[in-house]
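In case you want the letters, here they are:
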Amino acid sequence: MPTGFNGLLTATVVLPAVAALLLALGIVRNDRAIRWYAGAVALADLVLSVIVFVLFRPGGDRFQLIDRFDWIDTGTVQASYLLGVDGISAPLVMLTGLLGLCAVFVSFHIRDRVKEYFIWLFVLQTAVMGVFTSLDFLLFFLFWEIELVPMYLLISTWGTGRREYSAMKFLMFTILGSAFMLVAIVAVFVSSGVGSFDMTLLLEPGGALDASRAALPMGVLFWLFFIAFAVKLPTWPVHTWLPDAHTDAPTAGSVMLAGVMLKMGGYGLLRVNAGMFPEQLAHYALPIVALGVVSVLYGAVVTLRQTDLKRLIAYSSVSHMGLVLVGIGSVAVIGGSLTDAGLTGAAMQLFTHGTITGLLFVAVGILYEKTHTRHIPDLGGLANRMPIVAGAFLIAGAASLGLPAMSGFVSELLVFFGGFRAFPALTILAVLGIILAAGYILWMIQRTMFGPRPARWDGLTDASLVDTVPVALLVISIFAVGIYPAWLTDVFRDGLEPIVSVYNVGLASTSP
């Protein structure tokens, strides 16, 4: 059981919330000052998150930088404030810091209720950071739920179109998923027999979670968690909240939603479903991979039909998140040296998709601020007027369809390596999704950035200096992972090794 209080993770998690509290108390009043205050806070949190990533040592203790103190102790029930990172969560903490800074910079155009806007954006960042660092199930669930409030308010108050409808739809779907998770967490607590929500105990191979005394069948627990995380990922058929939420959210909301909030679902699948239920994952690997392939193909086909830029990127996210399921399911091939490829690819997909889709939404946000439209048929020939925005679209699009030397290529290649060995026919179908991605990405770029330009766009200006900051940060991250992926894959593999080892030694039984 990890002990101690390092303090770094706590500072990284609570800094945005403290900044939000100070903002609410009126430490900064002028709207312009509030924007730069928000930028300074987000930059500081990015620095802390990078320090967390750098200080994590692969090959050391499984969970590092521990912050712990008892939170609830009634004798029979124990819950702790327990934060820590391993090779799975450390990169995602850094991703959250990076996209948090990008979200602040793309929000400089906000003119309505500026103080409240940044308060809720900071609360959202703290909640997501808390999810990735919590090692106590009760604390994990608390942060998971806190995230709903700021995102609902960001969409419903500062969104566009049918913002109230989209915000409520987001809330209803995610609360439904949370209900499944809460039942599963309580059942796991009862089944463990240790009177604790401590994930570090429950994640031990052959540890505290015992099927013989389970309050619910282990297969039922597996699917309760799976449904909760699948809603957030999202996967078909529980994906329908995502296109509406993306379409009507403000740009920063879309960046955080696609960049890190969807990753909460993938992180949960890796941490809980793969980490705590190895026999059940092995038993249900085929339907999980099949569900992933359906998501890949369905999302890609529907994306081809979209005429709204945000909606197009939203459906492409459904497609690309399907690859996470393909990678996770492939680990159930017992034995062999390639079993970790798919799982590492799934984890990499969480990071790379966050930066790629974040860049796409940043570019769309800048474009919308200049043109006040996202309707693709109304655009065209903008590359000469907006070269920075056009470059962002081209780089993000190329990375999304898996061009070598860009981050998307690394994660997709690993997923396909692992998936092909496990389920070759299904993996070949998933590869078709990448072919379709080339179609819808290149077609979208051709229709918006090239070809004849309507006369009304002759006076357009390119991205401002403030807008260029998030573009540059995300472009650098895409190439950094694509050119030298080992700095990230080595960390992910260290975090996934305890999970992979369970499959490599062979499971005696795969019954649910």
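Scoring rules and cut-offs
Residues numbered from 1 in each chain as written. Predicted model: local features only at pLDDT ≥ 70, side-chain atom pairs only at ≥ 80, totals over all residues. Heavy atoms only, no water. Helix = DSSP H or I, 4+ residues; strand = E, 2+ residues; numbered from the N terminus. Buried < 20%, exposed > 50% of the residue type's maximum accessible area, 1.4 Å probe, protein only. Contact = heavy atoms within 4.5 Å. Areas by Shrake-Rupley, 256 points an atom, 1.4 Å probe, with all protein chains shown as cover. Phe/Tyr/Trp six-rings, centres within 6.5 Å; stacked < 30°, edge-to-face > 60°. Core = buried A, V, L, I, M, F, W, Y, C linked by side-chain atoms within 4.5 Å. Expected span 1.5 Å × (residues − 1). Patch = residues over 30% accessible without salt bridge, like charges linked within 9 Å, V, L, I, M, F, W, Y side chains within 5 Å. Salt bridge = Lys/Arg side-chain N within 4 Å of Asp/Glu carboxyl O. pLDDT = per-residue confidence, 0-100. Axes fitted to C-alpha atoms, helices over the stretch in contact; angles between N-to-C directions. Nonpolar A, V, L, I, M, F, W, Y, C, P; charged D, E, K, R; others polar. Pairing = 2+ DSSP bridges. Parallel < 35°, antiparallel > 145°, perpendicular 65-115°, else oblique. Left-handed = near helix turned anticlockwise from the far one by under 90°.

1. Describing the overall build of the protein chain
Scanning the protein chain for helices and strands turns up 20 helices and 2 strands. Taking the principal axes of the C-alpha coordinates as reference, the protein chain spans close to 70 × 55 × 40 Å. Within the protein chain, buried positions represent 63% of all 512 residues. Restricting to contacts in the protein chain with at least 6 residues of sequence separation, those with at least 24 account for 82%. About 17,400 Å² of surface is accessible on the protein chain, with carbon and sulfur atoms providing 67% of the total.

2. Remarks on the packing of aromatic side chains
Under the counting rule described, the total for this entry stands at 21 aromatic pairs. Taken together, a centroid distance of 5.3 Å and an interplanar angle of 90° make the contact between tyrosine 117 and phenylalanine 118 edge-to-face. Owing to a relative accessible area of 1%, tyrosine 117 belongs among the buried residues under this scheme. By relative accessible area, which is 0% here, phenylalanine 118 ends up buried. Where phenylalanine 222 meets phenylalanine 226, the ring centres are 6.3 Å apart and the plane angle is 20°; that geometry is what we call stacked. Note that phenylalanine 222 and phenylalanine 226 are positioned in helix H9 (residues 218-232) at a spacing of 4 residues, about one turn of the helix.

3. Some words on the nonpolar core
Of all hydrophobic cores here, the largest spans 174 residues; its most connected members are Phe137, Phe225 and Phe393. In this structure, phenylalanine 225 is in contact with Phe137, Met181, Ala184, Ile185, Val188, Val272, Asn273 and Phe277, ignoring residues within four places of it in sequence. Val293, Val296, Val326 and Ala430 belong to the second largest nonpolar core, which has 13 residues in total.

4. Considering helix H17 (residues 407-422)
For H17, which comprises 16 residues, the first-to-last C-alpha distance of 24 Å matches the rise-based estimate of 22 Å (1.5 Å per residue) to within 8%. Turning to H17, its buried residues are Ser407, Gly408, Val410, Ser411, Glu412, Leu414, Val415, Phe416, Gly418, Gly419 and Ala422.

5. Considerations on a nonpolar patch on the surface
Nonpolar side chains collect at one region of the surface, where Phe5, Phe69, Trp71, Ile72, Leu142 and Ile146 lie side by side and expose about 530 Å² of accessible area between them. Those elements giving two or more residues to the nonpolar patch turn out to be strand S1 (64-73) and helix H5 (137-146).

6. Here's the deal with the confidence of the model for the protein chain
One rule of thumb: low pLDDT means the predicted coordinates there are not for detailed reading. Across the protein chain, pLDDT averages 89, with 92% of residues at or above 70. Scored below 50 in pLDDT, residues 334-338 makes 11 contacts in the model with residues more than four places away or belonging to other chains. Per-residue pLDDT stays below 50 along residues 507-512; that stretch engages in 16 contacts with residues further than four places along the chain or on separate chains.

7. Some details on the pattern of salt bridges
One pass over the structure, following the stated rule, counts 10 salt bridges. Its salt-bridge partner being lysine 169, residue aspartate 244 comes within 2.9 Å of it at the nearest N-O pair. Note that aspartate 244 is positioned in helix H10 (residues 241-248) and lysine 169 in helix H7 (residues 163-192), a separation of 75 residues in sequence. Residues participating in the shared-partner salt-bridge network are Arg162, Lys169, Asp244 and Arg311.

8. A short note on the packing of H10 against helix H11 (residues 251-276)
Relative orientation of the contacting elements H10 and H11 amounts to 145°, with a least axis distance of 8 Å. The segment H10 lies against H11, with Trp241, Leu242, Ala245 and His246 engaging Ser254, Leu257, Ala258 and Leu262. Along the lines of polarity and charge, the residues of the contact of H10 with H11 split into 6 nonpolar, 2 polar and no charged.

9. Looking at the pairing of strand S2 (residues 78-85)
The element S2 is largely enclosed, with a buried count of 7 among its 8 residues. Sheet topology note: the S1/S2 ladder contains 7 bridges and is antiparallel. The residue bridging aspartate 73 from the neighbouring strand is glutamine 78, located in S2.

10. With respect to the environment of histidine 375
By secondary structure assignment, the location of histidine 375 is in the loop between helix H15 (339-371) and helix H16 (387-400). Look at histidine 375 and you get partly exposed, because its relative accessible area is 33%. For the pair histidine 375 and leucine 309, spaced 66 residues apart in the sequence, the C-alpha separation amounts to 6.6 Å.

11. Quick notes on the packing of helix H6 (residues 148-158) against H7
Running from N to C, H6 and H7 cross one another at 160°; their axes reach a closest spacing of 7 Å. Here H6 lies roughly antiparallel to H7, going by the angle between them. The handedness of the crossing between H6 and H7 is right-handed. When H6 is examined against H7, the residues Leu148, Met151, Tyr152, Ile155, Ser156 and Thr157 are found in contact with a partner set consisting of Arg163, Glu164, Ser166, Ala167, Met168, Phe170, Leu171, Thr174 and Ile175. Taken together, the residues of the contact of H6 with H7 break down into 9 nonpolar, 4 polar and 2 charged.

12. What about unusual backbone geometry?
In this model, leucine 233 is joined to proline 234 through a cis peptide bond whose omega is -15°. Mapping proline 234 onto the fold places it in the loop between H9 and H10. Cis geometry marks the peptide bond from tryptophan 236 to proline 237, where omega comes out at 10°. Mapped onto the secondary structure, proline 237 falls in the loop between H9 and H10. The phi angle at leucine 65 is positive, at roughly 55°, despite the residue not being glycine.

13. Here's the deal with the side chain of glutamate 412
Within the fold, glutamate 412 resides in helix H17. Here glutamate 412 is in contact with His320, Leu323, Gln349, Ser400, Leu401, Gly402 and Ile434, once residues within four sequence places are set aside.

14. Notes on the side chain of serine 316
Mapped onto the secondary structure, serine 316 falls in helix H14 (residues 309-330). If we skip the residues at most four places from it in the chain, serine 316 touches Thr303 and Tyr440.

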